[in-house]
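Here is what each chain is made of, one letter per residue.
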Amino acid sequence: MENKLTTEQSSAYNNLEKMDTFQLLSNMNTEDKTVPVILEEAIPHIERLVDAIYYKMKDGGRLFYIGAGTSGRLGILDASECPPTFGVPQNMVIALIAGGDVAMRKAVENAEDNSELGWKDLQEYKISKDDVLIGIAASGTTPYVIGAVKEAKKHGIITGCITCNKNSPLAAEVDFPVELVVGPEFVTGSTRMKAGTAQKLALNMISTTVMIKLGRVRGNKMIDMQLSNKKLVNRAVQMIMNELQVDEGMAGKLLAEHKNVRKAIDSYNSKKK
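The structure displayed is predicted, hence computed values, not measured ones.

J.: Please set out unusual backbone geometry residue by residue, giving values where relevant.
T.: In the Ramachandran plot, asparagine 15 falls in the positive-phi region, its phi being about 55° despite a non-glycine side chain. Looking at where asparagine 15 falls in the secondary structure, it is placed in the segment before helix H1 (21–32). Taking the relative accessible area as the measure of exposure, asparagine 15 reaches 38% and is therefore partly exposed. A positive phi angle, close to 50°, is found at lysine 126, a residue other than glycine. Within the element layout of this structure, lysine 126 appears in the loop between helix H4 (117–123) and strand E3 (132–136).

Listed below in structure tokens is the structure:
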């Protein structure tokens, strides 16, 4: 009997072990090409979620992600990249995964099946109605995530979700559901594939758009990025050169003085006035 969850339905391909390397790669790529179309259709729903996040964060609120397995790891990836990319504090975008940090590298048995643990984990961060919580679950049935968003909603916290099944239990519990129904996976049930790709794209869109709206990008440049390696320092120097029309020596001097592209540009411009 076919599972009603799209994410659990049988692959459109069979006898994968009999395919040669080129066939395997080509067929996977054929499936992956369908994902951006699904994201495009979901933009109005993502828009509503982004605007809700922005209005909270511009007043000092935080963004929380919560998930299990691949979904939880994708949330952690997105959250961890916000400080170096946009120069925001570490506690501005926070991601939790069922089973804790150890689950980043190794599956933790039964962690996602506890419907009370998600809210308990969130309590350590004193989540409040000033914040926004996004549950990430490809199936939309993960107890750890559903329990967390249900309790958050009781406490007046805005909730959203990213899931890959239609009309899931998770989507039914949140204020702003984003449903990315990418269809059966190439390897049946392996939601680290198309579903994971869809979730990653959605998270990129959400966090990047929010950060742009919060003023963390100028023009098209990451003017608040952390200067954590030589590549980024060189990029910062080039940004200052292009913005201020100064030579490399002056740009390097300004960056060394201010340790930040935005501050370097604003200081130079203020002195010219």
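That covers the picture; the talk isn't over yet.
J.: Mind laying out a nonpolar patch on the surface, listing which residues take part and the relevant values?
T.: Taken together, Ile43, Leu201 and Met205 make up a surface patch of nonpolar side chains, about 210 Å² in accessible area. If you trace the backbone, isoleucine 43 turns up in helix H2 (residues 35–57). Residue isoleucine 43 is classed as partly exposed on the basis of its relative accessible area, which comes to 39%.

J.: An account of the environment of leucine 227 is requested, with residue identities and associated values reported.
T.: With respect to the secondary-structure elements, leucine 227 resides in the loop between helix H7 (194–213) and helix H8 (230–244). Relative accessible area serves as the criterion here: at 28%, leucine 227 is assigned to the partly exposed category. When the C-alpha atoms of leucine 227 and glutamate 124 are compared, they prove to be 30 Å apart, with 103 residues separating the residues in sequence. If we ignore the near neighbours within four places in the chain, the residues touching leucine 227 are Leu232, Val233, Ala236, Leu255, Lys259 and Asn260.

J.: For the nonpolar core, give the residues involved together with the corresponding values.
T.: Formed by 35 residues in total, the largest nonpolar core has its most connected members in Ile53, Ile134 and Leu180. Elements represented by at least two residues in this core include exactly H2, strand E1 (63–67), helix H3 (69–86), E3 and H7. Among the elements that take part in this core, H2 stands out by supplying nine residues, more than any other. Counting 23 residues, the second largest nonpolar core, distinct from the first, contains Trp119, Ala137, Ala171 and Val174.

J.: Pulling in residues and values, what's your account of the packing of H8 against helix H10 (residues 261–272)?
T.: Remark: H8 packs on H10, axes separated minimally by 10 Å, with the N-to-C direction vectors making an angle of 30°. Here H8 is positioned roughly parallel relative to H10, judged by the angle of their axes. As for the relative orientation of H8 and H10, their crossing is right-handed in sense. Note on element contacts: H10 touches H8 through Val261, Ala264, Ile265, Tyr268 and Asn269, opposite Ala236, Met239, Ile240, Glu243 and Leu244. When grouped by side-chain class, the residues that make up the contact of H8 with H10 number eight nonpolar, one polar and one charged.

The rules behind each value
- Residues numbered from 1 in each chain as written.
- Predicted model: local features only at pLDDT ≥ 70, side-chain atom pairs only at ≥ 80, totals over all residues.
- Heavy atoms only, no water.
- Helix = DSSP H or I, 4+ residues; strand = E, 2+ residues; numbered from the N terminus.
- Buried < 20%, exposed > 50% of the residue type's maximum accessible area, 1.4 Å probe, protein only.
- Patch = residues over 30% accessible without salt bridge, like charges linked within 9 Å, V, L, I, M, F, W, Y side chains within 5 Å.
- Areas by Shrake-Rupley, 256 points an atom, 1.4 Å probe, with all protein chains shown as cover.
- Salt bridge = Lys/Arg side-chain N within 4 Å of Asp/Glu carboxyl O.
- Contact = heavy atoms within 4.5 Å.
- Core = buried A, V, L, I, M, F, W, Y, C linked by side-chain atoms within 4.5 Å.
- Axes fitted to C-alpha atoms, helices over the stretch in contact; angles between N-to-C directions.
- Parallel < 35°, antiparallel > 145°, perpendicular 65-115°, else oblique.
- Left-handed = near helix turned anticlockwise from the far one by under 90°.
- Nonpolar A, V, L, I, M, F, W, Y, C, P; charged D, E, K, R; others polar.

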